[in-house]
Amino acid sequence: MVLRQAGEKLGMEEQQRCRVNVLLIEDSADDALLIADTLRSGGYEPCLKRVETASEMALALSDRVWDLMIADHRLPRFSALEAFEIYRQRGLDTPFIIVSGIISEEAAVSAMKAGAHDYISKSNLKRLAPAVGRELREAETRRERKKAEDALHAAHEELAAIYSNAPVALLVVDEELRIEKVNDMAAHFAGQDVPMLGLRPGEALGCSNALADPRGCGHGPPCPQCALRRATSDSLHNGARHVGIETWLPLSIGDQIQQRCLLVSTAPLRFNNSHSKTLICAQDITEFKRMEEALREKERELQRSNADLQAYAYTVSHDLQEPLRAIACYVGLFEKSCGPNLDESSREFISVMTQGAKRMKNLIDGLLQFSRVGQDDRPMTTVDCDAVLKEVLMSLFVGIEETGAQISIGSLPQVKAWEGRLNQLFQNLIGNALKYRKLDTAPEIRISAEQHEGAWRFAVQDNGVGFDMQYAESIFGVFKRLHREEYEGAGIGLSVCKRIVERHGGRIWASSMPGDGSTFCFSLPVNP
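Here the structure is a predicted model, which is why all the values come from computation and not from measurement. (Residues numbered from 1 in each chain as written. Predicted model: local features only at pLDDT ≥ 70, side-chain atom pairs only at ≥ 80, totals over all residues. Heavy atoms only, no water.)

Asks: Can you explain the nonpolar core? Please cite residues and give values.
Replies: In terms of nonpolar packing, the biggest core is built from 39 residues, with Leu422, Phe426, Phe458 and Phe522 touching the most fellow members. Looking at this core, the elements that each hand over two or more residues are helix H11 (385-395), strand S13 (414-417), helix H13 (419-435), strand S14 (444-452), strand S15 (455-461), helix H14 (493-503), strand S16 (508-512) and strand S17 (518-525). With seven residues, H13 is the largest single contributor of residues to this core. Discounting chain neighbours no more than four positions away, the residues touching Leu422 are Val383, Cys385, Val388, Val415, Ala417 and Leu524. One finds Ile25, Phe78, Ile86 and Ala111 within the second-largest nonpolar core, a separate group that totals 20 residues. (Core = buried A, V, L, I, M, F, W, Y, C linked by side-chain atoms within 4.5 Å. Buried < 20%, exposed > 50% of the residue type's maximum accessible area, 1.4 Å probe, protein only. Helix = DSSP H or I, 4+ residues; strand = E, 2+ residues; numbered from the N terminus. Contact = heavy atoms within 4.5 Å.)

Asks: A description of the pattern of salt bridges should follow, citing residues and the corresponding values.
Replies: Any two side chains of opposite charge can pair, given that their charged atoms come close. With the rule as written, the count across this model stands at 25 salt bridges. Ionic pairing is found between Arg127 and Asp118, a salt bridge with its closest N-O pair at 3.2 Å. Given the relative accessible area of 34%, Arg127 is considered partly exposed. Residue Glu297 is joined to Arg304 by a salt bridge in which the shortest nitrogen-to-oxygen separation is 3.5 Å. (Salt bridge = Lys/Arg side-chain N within 4 Å of Asp/Glu carboxyl O.)

Asks: Break down the sheet that holds S14 for me, with residues and values.
Replies: A sheet is described by the order of its strands in space; here five strands give the open sequence S12-S14-S15-S17-S16, paired in mixed fashion. Of all strands in the sheet, those bounded by a partner on one side alone are strand S12 (406-409) and S16. Between one strand and the next, the sheet's axes are offset by a mean angle of 15°, whatever the strand orientation. (Pairing = 2+ DSSP bridges. Axes fitted to C-alpha atoms, helices over the stretch in contact; angles between N-to-C directions.)

Asks: Just give me the short version of the pairing of S13, but keep the residues and values in it.
Replies: Burial along S13 is one-sided: the face carrying Val415 and Ala417 is buried and the face carrying Gln414 and Lys416 is not. Direction of pairing for strand S11 (residues 381-384) relative to S13: antiparallel, over a ladder of four bridges. When the sheet's bridge partners are listed, Asp384 is paired in S13 with Gln414.

Take a look at the structure:
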């Protein structure tokens, strides 16, 4: 029992010892056993490899990583200093301790100067374990420091690469508005030879007003009219951040000085030594500004053109009404006065003229209706779709009763819209569902709405005659009709619907199959 407890205690002590890989340069096996026992007594469990020559040491160093190296000062064919030279050439940082039976003070000092971490006399091995502990801790500290330094160096290189290769100009400016550092893009700007801009390191930040005044405005206090210098000074002295400042600065392009538009941001840089600097980020957006202005001009031209076209369509449509009414009136008078004396052929001619005038009137009315869609000057309001649909169904009451239509309505939202246009949109879509019905089947019309991807998606579904999907786009064009013979109409209704929906910032589309009904869908933004 006592032996068992002693064995368990010994096993626990072995588990508590610190395992250490030791490369021992020693020619004496007895001295090697003595060093191993000394290390065990000091709380270590050495995994020891003994070598006696340079070749054996080189082979052992290639075999594994060693935690500790202990070398006898002098061996028959090798020495501690020769071993340390191999150690140094390999760039190792493992603790290297010299242990010798006989060593002079001069030799010990020489070994320490060469780089050995400690030397210990074999007659005083009680110092070995504490020395090993100290050197192992210091080695770990050096490894951690090296790891941190490597990480810091890598981070510094990464930041330097980001700064240097950033696709925007970056400048660091000191308290006197003098440029300390620029990246490659800023150096590209600096390559434009413009003294008043001063984008070169060591020069003061120039003022954009210097272009207008050949004498410049000096490099003293920030010019109140120069946005760049003003923002930079504010960041320096007040710690303010400025983002997205557009400023025009002079740059030399070829042999000409041109104004270039830069998008500038500034941010304060604070350091432990209390020195203040400013980081300036600048991007040349001159071409973008030119394209932006060209786009605005095109938009203005388009608005003028659309206004002219709307006015022209309205005028033409209105002016055509008078001669058309005159034709219809005189055809009616002619038929009334000469009716009893007209033969069948003449009556047919009069009928054709009357129908033609009627179709022409429908076309003109549709054109007027189409041109008025874009003339909504009042702002949109919140519109209750249920209330709008109630009015639409009341206006279509006669058609619904005559056809026996069944209309089901789902839950409808409130939307931002022009109420009159929304009424017109629903009236056209439901009117088409009543009009393009199957002759032997009562219309069934379902109206629904659901929210989808930031928009309300409405659907008007019917069981009517349908159409081929090859016409799904063309049916929304002006004067486009699919059923010319069977159904009357001017081909304006769906084009009006498309224009109304687009004016509200949405889109409209349709799906169908011949003989299987149609579904017209349109979307309106939830927050236009």
